[in-house]
Amino acid sequence: QVQLVESGGGLVQAGGSLRLSCATSGTFFRINTMGWYRQAPGKQRDLVATISSGGSTDYGDSVKGRFTISRDNAKNILYLQMDSLKPEDTAVYYCNAAVLRYTYSSPQRYWGQGTQVTVSS
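What counts as what
- Residues numbered from 1 in each chain as written.
- Predicted model: local features only at pLDDT ≥ 70, side-chain atom pairs only at ≥ 80, totals over all residues.
- Heavy atoms only, no water.
- Disulfide = S-S within 2.5 Å.
- Helix = DSSP H or I, 4+ residues; strand = E, 2+ residues; numbered from the N terminus.
- Buried < 20%, exposed > 50% of the residue type's maximum accessible area, 1.4 Å probe, protein only.
- Pairing = 2+ DSSP bridges.
- Axes fitted to C-alpha atoms, helices over the stretch in contact; angles between N-to-C directions.
- Phe/Tyr/Trp six-rings, centres within 6.5 Å; stacked < 30°, edge-to-face > 60°.
- Lys NZ or Arg CZ within 6 Å of the ring centre and 35° of its normal.
- Core = buried A, V, L, I, M, F, W, Y, C linked by side-chain atoms within 4.5 Å.
- Contact = heavy atoms within 4.5 Å.

1. Looking at the state of the cysteines
Then comes step 1: Taken as a whole, this structure holds 1 disulfide when the rule is applied.
Then comes step 2: With its sulfur 2.1 Å from that of its partner, Cys 22 forms a disulfide with Cys 95. Its torsion about the S-S bond being -75°, the disulfide of Cys 22 and Cys 95 is classed as left-handed. With Cys 22 in strand E3 (residues 18-26) and Cys 95 in strand E9 (residues 91-100), the pair connects residues that are 73 residues apart, well separated along the chain.
Then comes step 3: Here Cys 22 falls in the buried class, since its relative accessible area comes to 0%.
Then comes step 4: Look at Cys 95 and you get buried, because its relative accessible area is 0%.

If you want it as structure tokens, here you go:
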């Protein structure tokens, strides 16, 4: 089985920074695209940022220039550096990974359990 475990969430004042981490464990062949998504109360889950296995990145419009996604392929860890945080960034942040369990398998998407980020004004 494959597991994703997020950490690094918490309470921060507006203008502050947080760094989220997502560790992937289990038995698998390769991890393709990884990403961060977030869901605020009463709202749908939205894309924050994605990163390919080669390092190509994509960001949601609301976080461009403030958040940076990165990954350590050797350790299978995904990061999200969040700077200049705003109250509207408050949400549960979820890690996502497209994982190939075996050499010739199709990628399957896995989700972490989420970590709460709260930004006070």
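What follows continues from the structure just given.
2. Brief notes about the sheet that holds strand E7 (residues 67-72)
Then comes step 1: The strand order across the open sheet formed by 4 strands is E1-E3-E8-E7, and the pairing between neighbours is antiparallel. Sheet topology places strand E1 (2-7) and E7 at the edges, where each strand pairs with a single neighbour. On average, adjacent strands in this sheet sit at an angle of 15° to one another, irrespective of strand direction.

3. Side note on the packing of aromatic side chains
Then comes step 1: Counted under the stated rule, the structure contains 1 aromatic pair.
Then comes step 2: Judged by centre distance (5.1 Å) and plane angle (65°), the rings of Tyr 37 and Trp 111 are edge-to-face. One end of the pair, Tyr 37, is in strand E4 (residues 30-39); the other, Trp 111, is in strand E10 (residues 108-111), and 74 residues separate them in sequence.
Then comes step 3: Among the residues examined, Trp 111 registers a relative accessible area of 35% and is labelled partly exposed.
Then comes step 4: The side chain of Arg 19 reaches across the aromatic face of Tyr 79, ending 4.0 Å from its centre.

4. Topic: the nonpolar core
Then comes step 1: With 30 residues, the main nonpolar core has Trp 36, Leu 80, Met 82 and Tyr 93 as its most contacted residues.
Then comes step 2: Secondary structure elements with two or more residues in this core: E1, E3, E4, strand E5 (46-51), E7, strand E8 (77-82), E9 and strand E11 (115-120).
Then comes step 3: Setting aside residues up to four positions removed in sequence, Tyr 93 forms contacts with Glu 6, Leu 20, Trp 36, Tyr 37, Arg 38, Val 48, Phe 67, Leu 80, Met 82, Gly 114, Thr 115 and Val 117.

5. Some remarks on the pairing of E5
Then comes step 1: Where E4 and E5 come together, 5 bridges link them in antiparallel fashion. Residue pairing in the sheet places Arg 38 in a bridge with Asp 46 of E5.
Then comes step 2: Where E4 folds back on E5, the antiparallel hairpin that results is connected by 6 residues, among which Gly 42 adopts a positive phi of roughly 75°.
Then comes step 3: Linking E5 to strand E6 (residues 57-59), which pair antiparallel, is a turn of 5 residues; within it Gly 55 sits at a positive phi near 100°.

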